[in-house]
Amino acid sequence: MNTLRFQGIALILSAICGLLSAFLPIPGADQIIALIGTVLFILGIPSIQLLQPEGVIGWIGIALLEIAALISLVFQLGLVGSSVLAFTSALVGMLGRLVIGALTTRGSRFPAWAGWAFLLSGILNLVTGAIFLDSIASVIIIIAILLEAAALFAFGFRLLARRRVVPSESAI
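Being a predicted model, the structure only gives us computed values, none of them experimental. (Residues numbered from 1 in each chain as written. Predicted model: local features only at pLDDT ≥ 70, side-chain atom pairs only at ≥ 80, totals over all residues. Heavy atoms only, no water.)

Some thoughts on the confidence of the model for the chain
Stated precisely, the cut-off is as follows: What pLDDT reports is the predictor's confidence in each residue, on a scale of 0 through 100. The contact rule is simple, with two residues in contact once any of their heavy atoms fall within 4.5 Å.
Of all residues in the chain, 91% attain a pLDDT of 70 or more, and the chain-wide mean is 88. Every residue in residues 165–172 scores below 50 in pLDDT, and together they form 0 contacts with partners more than four places removed in sequence or on other chains.

Next up, the structure:
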């Protein structure tokens, strides 16, 4: 199995973990599943730039996503609990999703709707922290989770559907 296919599987499993951790009613299991999903996200997300090379700006978007995911991982492990760091993670993650989402909407390697879903999930995730009404915030975070899962599924399935390039005998 090549690296892009492995990373595609990691993105699909990350999406599944994100959905399970958000909607699984078993206390404690959701935290373990979220931790696994974050690690899979960290492993899989660079594949977007590898399949859809967008130069320095693309790598900046991937780096922002990786930084946000690493900060989230630190929180999930219980190593820190600063609200400033949580906001920084949400802000950096939103910026990374904006960059990668915008590049995806204009690219041709992934569906444009996946770029829009990824972009909107980042914005909604950041907005949720600013809303003080719990009922509205919980609806918005559910929408953000569903959008991100849909985008990660699309990215992952596109990576899995990618055909191997085999040189023809006439080219050799």
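On we go from here.
A short note on the pattern of salt bridges
Condition: Within this document, salt bridges are pairs made up of a side-chain nitrogen of Lys or Arg and a carboxyl oxygen of Asp or Glu, the two lying within 4 Å of each other. In this description a helix means any DSSP run of H or I spanning at least four residues, a strand means any run of E spanning at least two, and both kinds are numbered starting from the N terminus.
Tallied over the full model, the rule gives 2 salt bridges. Between R106 and E54 there is a salt bridge whose closest N-O contact spans 3.1 Å. Of this pair, R106 sits in helix α5 (residues 83–106) while E54 sits in the loop between α3 (46–51) and α4 (55–76), placing them 52 residues apart in sequence. Between R97 and E148 there is a salt bridge, and its shortest N-O distance comes to 3.0 Å.

Considerations on the layout of surface pockets
Quick reminder of the rule: In this analysis the probe radius is 1.4 Å and the grid spacing 1 Å, with only protein atoms considered; a cavity is a set of points the probe fits into but cannot get out of, a pocket is an open set with protein on both sides within 12 Å along at least five of seven lines, and lining residues have an atom within 4 Å of a point. Grid points are joined across faces, edges and corners, and a volume is the space filled by probe spheres set on the points. When residue character is reported, Ala, Val, Leu, Ile, Met, Phe, Trp, Tyr, Cys and Pro are called nonpolar, Asp, Glu, Lys and Arg charged, and the others, Gly included, polar.
By volume, the largest pocket is sized at about 1,000 Å³. Along the wall of the largest pocket there are 35 residues; nearest its centre are S72, Q76, R97, N125 and E148. Among the elements of the structure, α1 (3–23), α2 (29–44), α4, α5, α6 (112–130) and α7 (134–161) are those that each provide at least two residues to the lining of the largest pocket. Each residue belonging to the lining of the largest pocket can be placed in one class, and the counts come to 19 nonpolar, 14 polar and 2 charged.

Comments concerning a nonpolar patch on the surface
What counts is decided by this rule: In this analysis, a patch consists of residues with relative accessible area above 30% that form no salt bridge, clustered at 9 Å for like charges and at 5 Å for the nonpolar side chains Val, Leu, Ile, Met, Phe, Trp and Tyr. Accessible areas in this description were obtained via Shrake-Rupley with a 1.4 Å probe; residue shielding takes into account the shown protein chains only. Partly exposed describes any residue whose relative accessible area lies between the buried limit of under 20% and the exposed limit of over 50%, with all areas from a 1.4 Å probe on protein chains only and scaled to the type maximum.
Together, I9, L13, I16 and L20 make up an exposed nonpolar region whose accessible area comes to about 280 Å². By the secondary structure assignment, L13 is in helix α1. Judged by relative accessible area, which is 38%, L13 ranks as partly exposed.

Re the packing of α4 against α5
Worth spelling out the cut-off: Axis lines are fitted to C-alpha atoms, over the contacting stretch for helices. Their N-to-C directions set the angle, which ranges from 0 to 180 degrees. Angular relationships are summarised with four words: roughly parallel below 35 degrees, roughly antiparallel beyond 145, roughly perpendicular across 65 to 115, and oblique for the angles in between. Each crossing gets its handedness from the near helix: less than a right angle anticlockwise from the far helix is left-handed, clockwise is right-handed.
In the contact formed by α4 and α5, the axes pass within 8 Å of each other and the chain directions differ by 150°. Put simply, α4 runs roughly antiparallel to α5. In this structure, α4 crosses over α5, and the sense of that crossing is left-handed. Contacts between α4 and α5 involve I57, G58, G61, I62, L64, L65, I67, A68, I71, S72 and F75 on the former and, on the latter, L85, A86, S89, V92, G93, L95, G96, R97, V99, I100 and L103. Residue classes in the contact of α4 with α5 are distributed as 15 nonpolar, 6 polar and 1 charged.

Remarks on α1
Where we set the bar: Multiplying one less than the number of residues by 1.5 Å gives the expected span of a helix. Nitrogen and oxygen atoms within 3.5 Å of one another constitute a polar contact, given that in protein one can donate a hydrogen and the other can accept it, and given that sequence-neighbouring residues count only through two side-chain atoms.
Helix length check: α1, at 21 residues, gives a terminal C-alpha distance of 30 Å against a target of 30 Å (1.5 Å per residue), a fit within 8%. Listed in full, the buried residues belonging to α1 are L4, Q7, G8, A10, L11, I12, S14, A15, C17 and S21. Where α1 is buried, its residues meet α2, α3 and α7. N-cap assignment for α1: the residue whose side-chain oxygen lies 3.4 Å from the backbone N of L4 is N2.

Looking at the packing of α1 against α2
Two quantities define a packed helix pair, namely the angle between the helix axes and the distance between the axes. Axis separation between α1 and α2 bottoms out at 8 Å; the angle between their running directions is 155°. By the criterion of interaxial angle, the relationship of α1 to α2 is roughly antiparallel. Along this stretch, α1 crosses α2, giving a crossing that reads as left-handed. Mapping the contact onto sequence places Q7, A10, L11, L13, S14, C17, L20 and S21 in α1 and D30, I33, A34, I36, G37, L40, F41, L43 and G44 in α2. Tallied by class, residues from the contact of α1 with α2 come to 11 nonpolar, 5 polar and 1 charged.

Describing α4
For α4, which comprises 22 residues, the first-to-last C-alpha distance of 32 Å matches the rise-based estimate of 32 Å (1.5 Å per residue) to within 8%. Buried within α4 are the following residues: G58, G61, I62, L64, L65, E66, A68, A69, I71 and L73. Positioned one or two residues after α4, G78 has a phi angle of 75°, which is positive.

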